[in-house]
Amino acid sequence: MLNQYLDINEEVKEALEQGKPVVALESTIISHGMPYPQNVETALNVEKIIREEGAVPATIAIIGGRLKAGLTPEEIEYFGKKGTAIAKASRRDLAALCAKGEDGATTVTTTMMIAHMAGIKLFATGGIGGVHRGAEKTMDISADLEELANTPVMVVCAGAKAILDLHLTLEYLETHGVPVIGYGTKELPAFYSRHSGLEVDYRMDTPEEIANLFKAQTALGLRGGILVTNPIPEEYAMDDTIINQAIDQAVQEAEEKGVHGKEITPFLLARVKELTGGDSLDSNIQLVYNNARLASRIAKAYVK
Ligand code: PSU
Ligand code: MN
């Protein structure tokens, strides 16, 4: 699909033309999700891991109003350093950023959109947005879920954080026909924790099985994506009590301060990180690496 605002870098373009596996990565996790310089270090390591697995990484971002599929290390450094000064770009921001020639950090939503424009099928990240706690009053449902309902890209994540209402998030995905897969588990993982007490739709144990599901979904002409949830490796998982206490406190503070709209997710993520110290950052980095590895393996199975 050609788009006058899209720039696919040489390495990614060549890989796509030759039918090689490509894995997309988001940039909000770089500029808003982690502090500098760990964010840049992590982003470069994720690309390295994908290459070691035999796939090609395509970090996605908006630079000067151009939709970029594939960044240079210098561009990744620029995004990491500028951090939260770069606008978090969701679907509703895309046209404005392109029209004005501005930078934007792509969320799961806009990364899926740009990956799809470029012809990339797989996307690895940390956690997705979802239905917020109290959404029955606020109607705060992440655009990520709507994108999963409509855009045929497979997203590999570690589930979603319990800052969200995970039960309602699964209900929403069910209504919109998005299959939720557990890699090696029937339980939905909750990012820092391997446990949520909720069930995914299907447990799958190999990258091949997951690639076949994606092929069938495409062959059936079903629109929309697939969500693969990959539990954080046991050794990096956090204590459920500690993490849940921090999350409950962060949610309460957000409510008291009246934080809402696009600010609430970054606020909650930053607060949880502060309350749990460096531990949660280390876990966060490790689960992203783990997801990049799985996404590369699914991408390889998919192009076979
Ligand atoms: N959840 C996380 N880490 C993240 C995000 C969500 O655990 O970095 C980011 C992702 O970029 C996601 C976005 O797409 O926040 C969702 O924001 P919102 O809830 O405003 O839709
Ligand atoms: Mn929201």
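Residues numbered from 1 in each chain as written. Chains lettered and ligands numbered in written order. Predicted model: local features only at pLDDT ≥ 70, side-chain atom pairs only at ≥ 80, totals over all residues. Heavy atoms only, no water.

(A) Spotlight on the site of ligand 1. Taken together, 14 residues sit near ligand 1, with K88, S142, D144, K161 and T265 positioned nearest. Between an oxygen atom of ligand 1 and a side-chain N or O atom of K88, the distance comes to 2.7 Å. A distance of 2.4 Å separates an oxygen atom of ligand 1 from a polar side-chain atom of K161. Protein burial of ligand 1: of its 470 Å² of free accessible surface, 91% is covered by the chains. Most atoms of ligand 1, that is more than half of them, are within 2 Å of grid points of the largest pocket. (Near = heavy atom within 4 Å. Polar contact = N/O pair within 3.5 Å; in protein donor to acceptor, adjacent residues only side chain to side chain. Areas by Shrake-Rupley, 256 points an atom, 1.4 Å probe, with all protein chains shown as cover. 1 Å grid on protein atoms, 1.4 Å probe; cavity = no way out; pocket = protein on both sides within 12 Å on 5 of 7 lines; lining within 4 Å. Sits in = over half its atoms within 2 Å of the grid points.)

(B) Structural view of the pairing of strand 11 (residues 226-229). Here strand 11 shows no split at all, with I226 and V228 on one side and L227 and T229 on the other all buried. By the bridge criterion, 4 bridges tie strand 8 (residues 154-157) to strand 11 in an arrangement that is parallel. Its bridge partner being in strand 11, V155 is matched across the sheet by L227. (Buried < 20%, exposed > 50% of the residue type's maximum accessible area, 1.4 Å probe, protein only. Helix = DSSP H or I, 4+ residues; strand = E, 2+ residues; numbered from the N terminus. Pairing = 2+ DSSP bridges.)

(C) Seen up close, the nonpolar core. L122, I128, L148 and L227 are the most contacted members of the largest nonpolar core, which has 103 residues in total. For this core, the element with the most residues is helix 13 (residues 278-303), which contributes 12 residues. Leaving out residues up to four positions away in the same chain, L122 has contacts with V22, V23, A24, M154, V156, F214, A295, I298 and A299. (Core = buried A, V, L, I, M, F, W, Y, C linked by side-chain atoms within 4.5 Å. Contact = heavy atoms within 4.5 Å.)

(D) Just the packing of helix 3 (residues 38-52) against helix 4 (residues 73-82), in detail. Their axes nearest at 9 Å, the elements helix 3 and helix 4 cross at an angle of 145°. Judged by the sense of rotation from one axis to the other, the crossing of helix 3 with helix 4 is right-handed. When helix 3 is examined against helix 4, the residues N39, V40, A43, L44 and E47 are found in contact with a partner set consisting of P73, I76, E77 and G80. (Axes fitted to C-alpha atoms, helices over the stretch in contact; angles between N-to-C directions. Left-handed = near helix turned anticlockwise from the far one by under 90°.)

(E) Inspection of the layout of surface pockets at higher detail. Volume-wise, the largest pocket comes out at about 730 Å³. Surrounding the largest pocket, 36 residues form its lining, K88, G129, S142, D144 and T265 being those nearest its centre. At the level of secondary structure, the elements contributing two or more residues to the lining of the largest pocket comprise helix 2 (28-31), helix 6 (108-118), helix 8 (143-150) and helix 12 (264-276). Of the residues forming the lining of the largest pocket, the biggest block, 5 residues, is contributed by helix 12. Of the residues contributing to the lining of the largest pocket, the split by class is 12 nonpolar, 15 polar and 9 charged. In this structure, the second largest pocket encloses a volume near 310 Å³. Lining of the second largest pocket is provided by 17 residues; of these, R133, T138, E255, V259 and I264 occupy positions nearest its centre. Breaking the lining of the second largest pocket down by element, the ones donating at least two residues are helix 7 (135-138), helix 11 (240-257) and helix 12. (Points joined across faces, edges and corners; volume = space filled by probe spheres on them. Nonpolar A, V, L, I, M, F, W, Y, C, P; charged D, E, K, R; others polar.)

(F) Spatial organisation of the packing of helix 6 against helix 8. In the contact formed by helix 6 and helix 8, the axes pass within 8 Å of each other and the chain directions differ by 25°. Looking at the two axes, helix 6 sits roughly parallel to helix 8. Residues V108, T109, M112 and M113 of helix 6 form the contact with helix 8, whose own contacting residues are A143, D144, E147 and L148. Its residues placed into classes, the contact of helix 6 with helix 8 shows 5 nonpolar, 1 polar and 2 charged. (Parallel < 35°, antiparallel > 145°, perpendicular 65-115°, else oblique.)

(G) Region of interest: the sheet that holds strand 4 (residues 66-69). Pairing within the open sheet is mixed, and its 9 strands lie in the order 1-4-3-2-7-8-11-9-10. Both edges of this open sheet fall to strand 1 (6-8) and strand 10 (202-204), since each of them pairs with a single strand only. Looking at each pair of strands side by side, their axes are set apart by 25° on average, direction ignored. In this structure, strand 2 (residues 22-25) lies alongside strand 3 (residues 56-63), joined through 4 bridges in parallel fashion. Among the inter-strand pairings, A24 is bridged to a residue of strand 3, identified as A58.

(H) Broad picture of empty space enclosed by the protein. On inspection of all chains with the given rule, the structure shows 2 cavities of 30 Å³ or more. Computed from the structure, the largest cavity encloses a volume of approximately 130 Å³. For the largest cavity, the lining is made up of 13 residues, of which E26, I29, A43, V46 and V288 are closest to its centre. Going through the elements one at a time, helix 2 and helix 3 are the ones with two or more residues in the lining of the largest cavity.

(I) Region of the structure containing the environment of E274. Within the secondary structure, E274 is located in helix 12. When its relative accessible area of 55% is taken as the criterion, E274 is described as exposed. For E274 and A246, which are 28 residues apart along the polypeptide, the C-alpha to C-alpha distance reads 8.9 Å.

(J) Quick peek at the side chain of T125. Mapped onto the secondary structure, T125 falls in the loop between strand 7 (122-124) and helix 7. Taking relative accessible area as the criterion, T125 reaches 2% and is therefore assigned buried. Here the side chain of T125 touches E26 through a polar contact of 2.5 Å, side chain to side chain.

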